[in-house]
Amino acid sequence: SFLKRGSLPENLNPDGTMRDRVAISDINYGKPDDKGDSNDWMKIDDRVVSTTIDEIMAVGRTIIAELRECKQAYTLATKADVKGDKQEANRQRKIARRGNFLWIIEELIATRALMDVETLKEFDEIRQEIRIYGRGYGFKLCEITQYLNANHDGINLGQRQNICIILLKSMASTPDTVKK
C-alpha cells in the first residue's frame, strides 16, 4: 500500500508543480466479480489503493491536511498581494498549486458500516469539508454506492442538491428514500 511509504504518490512535473493525483478507497479491492475476475481497478498501480478503514482514514486525513494547506496558502498569497509583496504572493501560490486530486470511495455504505461511531463522525466530516471547499482548490470526491439512502450514506438532502448523482442500471431506492 502507498501508506507504507508515508504519503500519497506525488508525481512532480518538471517545473516542480504536482501532477494530478488519484486515491482509491475500496474495501473490496481484489474481490472476484461474477465472472471470477479480480477487482483490481483495471490493473491500476496498487500504491494508490487503500483497502482497510485505517488506510482509508489516513487518505482522508492527508487530503484534508493538503486542502487546508492550499486554502491557507491562497489566503497568505492574497494578503501578500494586498501588501504589495509579489515575491511572497508567488511563493504562497506555488505552495497552493498542487494539481487536481481525485479521491474515489467505492462501496461507501459498506465502508461506513465498518466504522465505529467516532471514526464514522470524522469520516463524514472529512467528506463534507471536501464537498464544501474541495472543488475550488482542485480536490474532487467521487463516492460510489449501490444504494442511495441518506440514512446510510451520510449525505443529506441539502448536500445531495449540490452533487452530481449518476445512476447506472436501475434505481433500487424509491425517490422518497433518496430525498430523506
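Note: the structure precedes this text.
Given the structure is predicted, the values throughout are model-derived calculations rather than measurements.

Quick notes on the rules
Residues numbered from 1 in each chain as written. Predicted model: local features only at pLDDT ≥ 70, side-chain atom pairs only at ≥ 80, totals over all residues. Heavy atoms only, no water. Pairing = 2+ DSSP bridges. Helix = DSSP H or I, 4+ residues; strand = E, 2+ residues; numbered from the N terminus. Contact = heavy atoms within 4.5 Å. Axes fitted to C-alpha atoms, helices over the stretch in contact; angles between N-to-C directions. Phe/Tyr/Trp six-rings, centres within 6.5 Å; stacked < 30°, edge-to-face > 60°. Buried < 20%, exposed > 50% of the residue type's maximum accessible area, 1.4 Å probe, protein only. Lys NZ or Arg CZ within 6 Å of the ring centre and 35° of its normal.

## Quick word on the sheet that holds strand β2 (residues 49-50)
Link 1 in the chain: The 4 strands are arranged β2-β1-β3-β4 in an open sheet whose pairing can be described as parallel. Taken across any chain shown, the strands that pair with only one partner, and hence form the sheet edges, are β2 and β4 (139-143).
Link 2 in the chain: Here strand β1 (residues 21-26) runs beside strand β3 (residues 101-106); their pairing, made up of 6 bridges, is parallel. Its bridge partner being in β3, S25 is matched across the sheet by I105.
Link 3 in the chain: Running over the sheet, helix α1 (residues 53-83) touches β1, β2, β3 and β4 and is turned about 155° from β3.
Link 4 in the chain: Contacting β3 and β4, helix α4 (residues 117-134) runs over the sheet at an angle of about 125° to β4.

## A few points about the packing of aromatic side chains
Link 1 in the chain: Applying the stated criterion across every chain yields a total of 3 aromatic pairs.
Link 2 in the chain: Seen from their ring centres, W103 and F123 are 6.3 Å apart, and the 85° between their planes marks the pair as edge-to-face. Note that W103 is positioned in strand β3 and F123 in helix α4, a separation of 20 residues in sequence. One exposure class covers both W103 and F123, and it is buried.
Link 3 in the chain: Positioned over the ring face of Y133 is K71, at 3.6 Å from the centre of the ring.

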